[in-house]
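Each chain is listed here by its residues.
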Amino acid sequence: MTRLRRFVPLASVALLLFLTACASNAPQDTLEPEGPIARKIDNLVNPVFLAAGVVFVLVEVGALLIMRRFRARPDDDDNTLPAQVHGNSALEIGWIAVPFLILAVIAVFTVVTVFEVDAEADDATMSVQVIGQQWWWEYRYDVDGDGRQDDPDDVVTANDLVIPAGTNVRLDVMSRDVIHSFWIPKLNGKKDAVPGRHHELTVASDEAGTFVGQCTEYCGLSHAYMRQRLIALPQDEFDAWLDNQQQDAQLPASGDANAGGNLFVSSCSRCHLIEGVNDDEYEEQGSGNDVVSGHAPNLTHFATRGAFAGAILPLWETDDPDGIVQWDDIGGELDRDALEAWLRDPPAEKPMAAELDGPSRGMPDLELSEEQIDQLVAFLETLD
Ligand code: CUA
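Everything numeric here is computed off the predicted structure, so don't read it as measured data.

1. With respect to the overall build of the protein
Stage number 1. In terms of helices and strands, the protein carries eight helices and twelve strands.
Stage number 2. Taking 384 residues into account, the globule formula puts the C-alpha radius of gyration at 21 Å, and the protein, at 27 Å, lies well above it.
Stage number 3. Projected onto its principal axes, the C-alpha coordinates of the protein cover approximately 95 × 50 × 40 Å.
Stage number 4. Residue burial in the protein is summarised as follows: out of 384 residues, 41% are buried.
Stage number 5. About 21,500 Å² of surface is accessible on the protein, with carbon and sulfur atoms providing 57% of the total.

2. Regarding empty space enclosed by the protein
Here the idea is plain: a probe the size of a water molecule rolls over the atoms and shows the empty space left.
Stage number 1. Under the defined criterion, the tally for this structure stands at two cavities of 30 Å³ or more.
Stage number 2. Looking at the second largest cavity, the residues that line it are Asp-154, Val-155, Val-156, Gln-245, Glu-275, Asn-298, Thr-300 and His-301.
Stage number 3. Residues belonging to the lining of the second largest cavity are distributed by class as follows: two nonpolar, four polar and two charged.

3. Quick look at the sheet that holds strand S4 (residues 160-164)
Stage number 1. Strand order across the open sheet formed by three strands is S4-S10-S9, with mixed pairing between neighbours. Each having just a single partner strand, S4 and strand S9 (209-214) make up the two edges of the open sheet. Put simply, the sheet's adjacent strands are angled 20° from each other on average, direction ignored.
Stage number 2. Against the sheet, helix H4 (residues 235-245) engages S4 and strand S10 (227-233), with an angle of about 130° to S4.

4. Quick look at the packing of aromatic side chains
Ring pairs (aromatic) are described by centroid distance and by the angle formed between their planes.
Stage number 1. All told, the structure shown has seven aromatic pairs when counted by the stated rule.
Stage number 2. Both rings, one in Phe-308 and one in Trp-342, keep their centres 6.2 Å apart while their planes meet at 75°; by these two values the pair is edge-to-face. Placement of the pair is Phe-308 in strand S11 (residues 307-308) and Trp-342 in helix H6 (residues 336-344), with a sequence separation of 34 residues.

5. Quick notes on unusual backbone geometry
Stage number 1. Cis rather than trans, the peptide bond between Gln-134 and Trp-135 has omega equal to -5°.
Stage number 2. Phi at Ala-311 is positive, roughly 65°, even though this residue is not glycine.
Stage number 3. One can find Ala-311 in the loop between S11 and strand S12 (313-314).
Stage number 4. In this model, Glu-367 sits at a positive phi of 50°, which is unusual for a non-glycine residue.
Stage number 5. With respect to the helices, strands and loops of the structure, Glu-367 is situated in the loop between helix H7 (346-349) and helix H8 (370-381).
Stage number 6. Residue Glu-367 is classed as exposed on the basis of its relative accessible area of 68%.

6. A look at the pairing of strand S3 (residues 155-158)
Stage number 1. Side chains Val-155 and Thr-157 project from S3 onto one buried face, and the interleaved Val-156 and Ala-158 project onto a second face that is buried too.
Stage number 2. With four bridges connecting them, strand S2 (residues 136-141) and S3 associate as antiparallel partners. Paired with Glu-138 across the bridge in S3 is Ala-158.

7. What about the pattern of salt bridges?
Stage number 1. Under the definition given, this model contains eleven salt bridges.
Stage number 2. As a salt-bridge pair, Glu-370 and Arg-344 come within 2.8 Å of each other at their nearest N and O atoms. Separated by 26 residues along the polypeptide, Glu-370 in helix H8 and Arg-344 in helix H6 bring together distant segments of the chain.
Stage number 3. By relative accessible area, Glu-370 is classed as partly exposed at 42%.
Stage number 4. Each of Glu-32, Glu-34 and Lys-186 takes part in a single network of salt bridges with overlapping partners.

8. Details of the packing of H6 against H8
Stage number 1. Interhelical geometry of H6 versus H8 gives an angle of 125° and a closest axis separation of 10 Å. Taken together, H6 and H8 sit at an angle that is classed as oblique. Crossing handedness for the pair H6 and H8: right-handed. Taken together, the residues of H8 that come into contact with H6 (itself represented by Arg-336, Leu-339, Glu-340, Leu-343 and Arg-344) are Glu-370, Ile-373, Asp-374, Leu-376, Val-377, Leu-380 and Glu-381.
Stage number 2. For the contact of H6 with H8, the class distribution of residues is six nonpolar, no polar and six charged.

9. Structural notes on a positive patch on the surface
Stage number 1. Positive charge collects at one region of the surface, where Arg-68, Arg-69, Arg-71 and Arg-73 lie side by side.
Stage number 2. For Arg-73, the location among the structural elements is in the loop between helix H2 (36-69) and helix H3 (89-119).

10. Here's the deal with the environment of His-198
Stage number 1. Tracing the backbone shows His-198 in the loop between strand S7 (191-193) and strand S8 (199-203).
Stage number 2. Judged by its relative accessible area of 53%, His-198 falls in the exposed class.
Stage number 3. The spacing of His-198 and Ala-90 is 108 residues in sequence and 51 Å in space, taken between C-alpha atoms.
Stage number 4. Sequence-distant contacts of His-198, that is, excluding residues within four places in its chain, are made with Gln-129, Asp-172, Val-173 and Met-174.
Stage number 5. Polar side-chain contacts of His-198 include one of 3.0 Å to the side chain of Asp-172.

11. Section: H4
Given 3.6 residues per turn, any residue in an α-helix points the same way as the ones three and four places further on.
Stage number 1. Here H4 has its buried residues at Phe-238, Trp-241, Leu-242 and Gln-245. One side of H4 carries all its buried residues, which in axial view fall inside an arc of 95°.
Stage number 2. Summarising the contacts, the buried residues of H4 are in contact with strand S1 (126-133), S2, S3, S4 and S10.

12. Thoughts on the sheet that holds strand S5 (residues 169-175)
Stage number 1. Sheet architecture is open: five strands sit in the order S3-S2-S1-S5-S8, paired in mixed fashion. Bordering the open sheet on either side are S3 and S8, each of which pairs with just one other strand. On average, each strand axis in the sheet is inclined to that of its neighbour by 25°, with strand direction left out of account.

Parameters at a glance
Residues numbered from 1 in each chain as written. Predicted model: local features only at pLDDT ≥ 70, side-chain atom pairs only at ≥ 80, totals over all residues. Heavy atoms only, no water. Helix = DSSP H or I, 4+ residues; strand = E, 2+ residues; numbered from the N terminus. Rg over C-alpha atoms; globule rule 2.2 N^0.38 Å. Buried < 20%, exposed > 50% of the residue type's maximum accessible area, 1.4 Å probe, protein only. Areas by Shrake-Rupley, 256 points an atom, 1.4 Å probe, with all protein chains shown as cover. 1 Å grid on protein atoms, 1.4 Å probe; cavity = no way out; pocket = protein on both sides within 12 Å on 5 of 7 lines; lining within 4 Å. Points joined across faces, edges and corners; volume = space filled by probe spheres on them. Nonpolar A, V, L, I, M, F, W, Y, C, P; charged D, E, K, R; others polar. Pairing = 2+ DSSP bridges. Axes fitted to C-alpha atoms, helices over the stretch in contact; angles between N-to-C directions. Contact = heavy atoms within 4.5 Å. Phe/Tyr/Trp six-rings, centres within 6.5 Å; stacked < 30°, edge-to-face > 60°. Salt bridge = Lys/Arg side-chain N within 4 Å of Asp/Glu carboxyl O. Parallel < 35°, antiparallel > 145°, perpendicular 65-115°, else oblique. Left-handed = near helix turned anticlockwise from the far one by under 90°. Patch = residues over 30% accessible without salt bridge, like charges linked within 9 Å, V, L, I, M, F, W, Y side chains within 5 Å. Lys, Arg positive; Asp, Glu negative; His and termini not counted. Charge placed at Lys NZ, Arg CZ, Asp CG, Glu CD. Polar contact = N/O pair within 3.5 Å; in protein donor to acceptor, adjacent residues only side chain to side chain. Arc of directions from axis to C-beta.

See below:
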């Protein structure tokens, strides 16, 4: 009885811990697929998990029963061994054959699913280059389809990957610095972004919506602050989005926004490009560790995105229970506090090694005055 009394609270704590891992509506739940590719994976995972669960229960219950049945008893003779099963052919062949058969069946379904998921790339209607960088994701759309992503008509954006809903989109996953991993759990499995390599991943969502994920390969100081957002839009809205992204921005003619634009050109051109505003002043920094920040997000249509700073900070106010800025929130009420805090001291919002000696990463503290911050916010808000 005392043993049981000790066991019950322990088991309750373990069960409680286990249940805290459950959520009915988690935004990054790979077990609730919202696209055809993720559903194929889910259709494989569920029966495999069930089989593994049944095996687990059978083995554990068997082990407990055997331990109980053959436990040492006070009147046992210490010098006699229990009956041995070594050489029992039926048993030995059985416990090799049964796992082999189970794994063989699972292997067949797994390989079929791998090929099916792979074949989804063939149905892709468009392709986007996905580039990981410490610590944010860049997306490049080869709009004219000539295989290059740097023509004037092509689109370069960051943090929000926008795709048409209901269609397969092929991603060309790359990295500029270290290994990252791209994963939108509700839409497909993950894919490593490796410097010097092109990895293919296809994503598709059933319906319009905003899907989130985060970098899943440890990539340095702010790995935990490197998120990704994928916005699926109805085809006509996607076309309008893409068309708008191709337009250049403009320096506002007057007011705070104009002052902010000029400040941007003079202070931010070393890293950030806004097409139509600082094309002449901007100098691409190349890649590698010998530069201040390598590439920085292209901000031409900054105000059409839901989040910034590696998608960790919301750009717009939202009612979403998980705090995920939705498509309809974009262009609504600016989350001024987040943007101001970022401009005031970026490394305070997101560790970026900017304060260390030698090569550093990410946006430094530019020691802007409150007036300059207001001007920059006014300017950035015009970039729609
Ligand atoms: Cu990028 Cu972890």
